[in-house]
Amino acid sequence: MKPYQQYLLGLGLAGSLCLPACTTQTNTNTETMTTAQQAQNQISEDVHSYAEPTKAVARHLDLDIAVNFDTKTLSGTASYDIENLAKGNEIIFDTRGLQIEKVYLGDKQEETTFRLGESDKYLGQPLHITIKPETKRVTIVYKTSPDAAALQWLNPQQTAGKKHPFLFTQSQAILARTWIPIQDSPGIRITYSAKVQVPKELLAVMSAENPIEKNATGNYSFEMKQPIPSYLMALSVGDLVFSKVGAQTGIYAEPATIKAAAYEFAEMDKMLVAAEKLYGKYRWDRYDLLVLPPSFPFGGMENPRLTFVTPTVLAKDRSLTSLIAHELAHSWSGNLVTNATWDDFWLNEGFTVYFERRIMEELYGKSYADMLNVLGYQDLQNTLKELGETSEDTRLKLDLEGRDPDEGLTDIAYEKGNFFLQNIEQAVGRQKFDAFLNKYFNTFAFQTTNTDKFLEFLRTELIKGDEALAEKINIEGWVFSPGLPQDHVVPTSERFTKVEESYQAWKNGKPAAQLNTKDWSSHEWLHFIRMLPEQMSQQQLQDLDKAFNLTNSGNSEVLAAWFIHTIRNNYTTADKALETFLTNVGRRKFLVPIYKALAATPEGKKKALAIYAKARPNYHAVSTVTLDEMLK
Ligand code: BES
Ligand code: ZN
């Protein structure tokens, strides 16, 4: 038990530790509750944060930092408006690898004492700051370490323009504490302002209201008026330009990339319109994209107002833009209604995948969304196989205590979460389900949610005591049990049926060049490549490669899937392209299966280690943590 739970027991409040019943209480009785009770109702215990928000909690941050590319450090102050709910003498922040220089209290900046607690590999160190019962403001003077895990400092060679350095942050899941002393739990929300000083030739952007061009001073100011959780704190600095898409949307990228990006994402405005039509008004004013250099470890990151995105979706044919629909959807599921702890990650990602598919259906029709669903189902099957169908980690509700949440967050949350929601949709009908989701997003806007809260809402708003319906929805089977319920609906795609026919013909000896692949999108290609047999002859590989030029595909998804086969079957023609891919791209989703396939044989492992030694300096810490472990 955490100390603050004992404190709650003392107050007789433990019963409201977000058991199902607490939701309704929060919404109906707020006037009669104390602030502490209200705060408690918002917060579930987070085993990945040292903060004790029911005692003293941050509400607003004023960040004032300088970005130093020579020393690879950020330095400055984090000033918080706080609420000392318990009127005690301490507030706790999360830190990891930060150098804390001084701490001051109040507007008069009286120096106070502080202490850094014991260090944990993943969680870092608690920063205990001595405060007074009446303290309202705390100012922390600090500096980051050059190896801060959230920060990737790129030299000019690692950028598209090759002339200027670049910096970006990645705070999710618990890395915000490596660049800001912060109460680093998704259950705690803050508004923020920031002043950021950068080299004059660079532009700074954040998950906030952003400038659209450089100024002569290198000083930039930001404001985020809506309260957000710490994992959505984000900053990037580089030689960036802005290109407008719609009235509310636009793209930031390096000058060398902006044109390609503007073409690729020209439909982002339509996505926003479709999303609003589905689940209500977009609450964050602007929606812009920032295209990062290829070392960005993720496909996308839903930083509010400014999604960070990998350049590996620049396929030149707009075929990979479901990723933008996904990050945009997080503006509702995740950023607006946020998982209270990482154990409830499926509420962020499962809802977002469901929503993403709905946006894509709206824009490109059901046959398109069906393909995404089938590919997602394949990913899910692979993850289930890898983890084992009885593994506890295949439940939607997770238990990540004692682990790095980043390692426990898998496709289960995304795809099992999505299929659970699709299952509810099928049980009640789309119209009812959409009304339900609308109400859910509005009811919990700018608040946190957890599995119990959601299920309570589901029971009161949708199931309403209908036992036959409850049985169909099968909460126990989907949420709390491992694997998939036996009777789940397996998604299908007509367009993929055609691909399967071509595949069968090829397998029965028809030359690849004679297959009818004319209208295939990258999704059809991906399905085709994933179906290829594990063992293939050199001749088969050559036949495919010659007909479809797969080794030189400009589509990162197609390429990454193809490399798995070239590695397994020792098709060395692809080696050079493979090495180029691995040294340029830092997206973990691609790197992990490719390195894994390589490491499966002693020879391949040698190859993997040689490439890794060269490529590792290009990868973000998020990727190297996983790969170091895999290749050690
Ligand atoms: N929020 C996630 C990325 C993330 C998850 C970062 C967990 C750190 C910890 C983001 O929305 C995401 O899911 N990105 C996916 C793309 C998406 C289309 C499935 C990715 O990066 O591959
Ligand atoms: Zn996501």
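Structure: above.
Residues numbered from 1 in each chain as written. Chains lettered and ligands numbered in written order. Predicted model: local features only at pLDDT ≥ 70, side-chain atom pairs only at ≥ 80, totals over all residues. Heavy atoms only, no water.

1. Some details on the overall build of the protein
Here is step 1: On a plain count of helices and strands, the protein comes out with 22 helices and 21 strands.
Here is step 2: On C-alpha atoms alone, the protein measures out to a radius of gyration of 25 Å, which is about the 26 Å that the 2.2 N^0.38 rule sets for 632 residues.
Here is step 3: Its C-alpha atoms give the protein principal-axis dimensions of roughly 80 × 65 × 50 Å.
Here is step 4: For the protein, with 632 residues in total, the buried portion stands at 59%.
Here is step 5: Put simply, of all contacts in the protein between residues at least 6 apart along the chain, 71% involve residues at least 24 apart.
Here is step 6: Carbon together with sulfur atoms contributes 49% to the accessible area of the protein, which is approximately 25,600 Å² in total.
Here is step 7: Here the protein contributes 66 positively and 78 negatively charged side chains, and the mean placements of these two sets differ by 4 Å. (Helix = DSSP H or I, 4+ residues; strand = E, 2+ residues; numbered from the N terminus. Rg over C-alpha atoms; globule rule 2.2 N^0.38 Å. Buried < 20%, exposed > 50% of the residue type's maximum accessible area, 1.4 Å probe, protein only. Contact = heavy atoms within 4.5 Å. Areas by Shrake-Rupley, 256 points an atom, 1.4 Å probe, with all protein chains shown as cover. Lys, Arg positive; Asp, Glu negative; His and termini not counted. Charge placed at Lys NZ, Arg CZ, Asp CG, Glu CD.)

2. Observations regarding the sheet that holds strand E10 (residues 166–169)
Sheets are built from strands that pair by backbone hydrogen bonding, the pairs being arranged parallel or antiparallel.
Here is step 1: With antiparallel pairing, four strands are arranged side by side in an open sheet as E9-E10-E14-E12. Of all strands in the sheet, those with a lone pairing partner are strand E9 (151–154) and strand E12 (203–206), marking the two edges. For this sheet, the mean inter-axis angle between neighbouring strands, taken without regard to orientation, is 10°.
Here is step 2: Two elements, E9 and E10, share four bridges in a ladder whose sense is antiparallel. Its bridge partner being in E10, Leu-154 is matched across the sheet by Phe-166. (Pairing = 2+ DSSP bridges. Axes fitted to C-alpha atoms, helices over the stretch in contact; angles between N-to-C directions.)

3. Concerning the site of ligand 1
Here is step 1: Neighbouring ligand 1 are 17 residues; Gln-172, Gly-299, Glu-302, Glu-327 and Tyr-414 lie closest to it.
Here is step 2: Here an oxygen atom of ligand 1 sits 3.2 Å away from a polar atom, N or O, in the side chain of His-326.
Here is step 3: Contact between ligand 1 and Glu-349: a nitrogen atom at 3.0 Å from a side-chain N or O atom of the residue.
Here is step 4: Relative to its unbound accessible surface of 520 Å², ligand 1 loses 88% to contact with the protein.
Here is step 5: Looking at which element gives the most residues to the shell around ligand 1, the answer is helix H6 (residues 322–329), with three residues.
Here is step 6: Within the shell around ligand 1, the residues separate by chemical class into six nonpolar, six polar and five charged. (Near = heavy atom within 4 Å. Polar contact = N/O pair within 3.5 Å; in protein donor to acceptor, adjacent residues only side chain to side chain. Nonpolar A, V, L, I, M, F, W, Y, C, P; charged D, E, K, R; others polar.)

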